[in-house]
Amino acid sequence: MPRPRKPRTCICPHRSGFAAVFKPAGTPLKDLDLVQLAHDELDALHLCDGQGKTQEEAGACMGVSRGTVQRLLASARSKVADALVQQKALAISGGPGQAATRPSTGPAKE
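1. Re the state of the cysteines
Under the criterion given, the structure shown has zero disulfides. C48 provides the cysteine sulfur closest to C61, a residue in no disulfide bond, and the two sulfurs are 9.3 Å apart.

2. Thoughts on the sheet that holds strand 3 (residues 89-92)
Ordered by their spatial adjacency, three strands build an open sheet running 1-3-2, and the pairing between neighbours is mixed. The open sheet is flanked by strand 1 (20-22) and strand 2 (34-37), the only strands paired with a single partner. Between one strand axis and the next, the sheet turns by 25 degrees as a mean value, whatever way the strands run. Against the sheet, helix 3 (residues 66-85) contacts strand 2 and strand 3, and its axis sits at roughly 155 degrees relative to strand 2.

3. As for helix 1 (residues 39-50)
For helix 1, the buried fraction is high: nine of the twelve residues fall into the buried class. Taken together, the buried residues of helix 1 touch strand 2, helix 2 (55-62), helix 3 and strand 3. Directly after helix 1, the chain includes G52, whose backbone phi takes a positive value near 75 degrees.

4. Concerning the pairing of strand 3
Across the two faces of strand 3 the burial is the same, with A89 and A91 and L90 and I92 all buried. With four bridges joining them, strand 2 and strand 3 adopt parallel strand pairing. In the sheet register, L34 faces strand 3, and the bridge partner there is A89.

5. A few points about helix 3
Between its first and last C-alpha, helix 3 extends 28 Å over 20 residues, near the 28 Å set by a 1.5 Å rise per residue. Listing the buried residues of helix 3 in full gives T68, V69, L72, L73, A76 and A83. Taken end-on, helix 3 shows its buried residues confined to a sector of 130 degrees, consistent with a single buried face. Q87 occupies a position one or two residues after helix 3 and carries a positive phi of about 55 degrees.

6. Looking at the side chain of E41
By secondary structure assignment, the location of E41 is in helix 1. The buried category is assigned to E41, whose relative accessible area is 7%. Only 2.9 Å separates the side chain of E41 from the backbone nitrogen of A38, close enough to count as a polar contact. The residues touching E41, leaving out its near neighbours within four places in the chain, are Q36, L72, S75, A76 and K79.

Basis of the calculations
Residues numbered from 1 in each chain as written. Predicted model: local features only at pLDDT ≥ 70, side-chain atom pairs only at ≥ 80, totals over all residues. Heavy atoms only, no water. Disulfide = S-S within 2.5 Å. Pairing = 2+ DSSP bridges. Helix = DSSP H or I, 4+ residues; strand = E, 2+ residues; numbered from the N terminus. Axes fitted to C-alpha atoms, helices over the stretch in contact; angles between N-to-C directions. Contact = heavy atoms within 4.5 Å. Buried < 20%, exposed > 50% of the residue type's maximum accessible area, 1.4 Å probe, protein only. Expected span 1.5 Å × (residues − 1). Arc of directions from axis to C-beta. Polar contact = N/O pair within 3.5 Å; in protein donor to acceptor, adjacent residues only side chain to side chain.

The values are spatial; any link to function lies outside them.
Following this line, the structure appears as structure tokens:
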């Protein structure tokens, strides 16, 4: 059984409390595959690539180890690149610990 997740301090501007979805123009969201980017992955990407911090500095800001930042950063970069190249929608979770989900468009089909 894995150990519980360590609490993280996420400081991305304009992201706490709500979800955001970015998609290619001209294509309805219902027709696109969805790539989910967790809030802590976005925060690691913002701190390292957006603000130019080292992984150690970003880890100190987030309250996690450098290795965790490295893993989050690699995952975030991979997801963003996949969404851009494959023309998928990129959904960002609303806050730490919240998963981005696709809104339901009706009853589930089995």
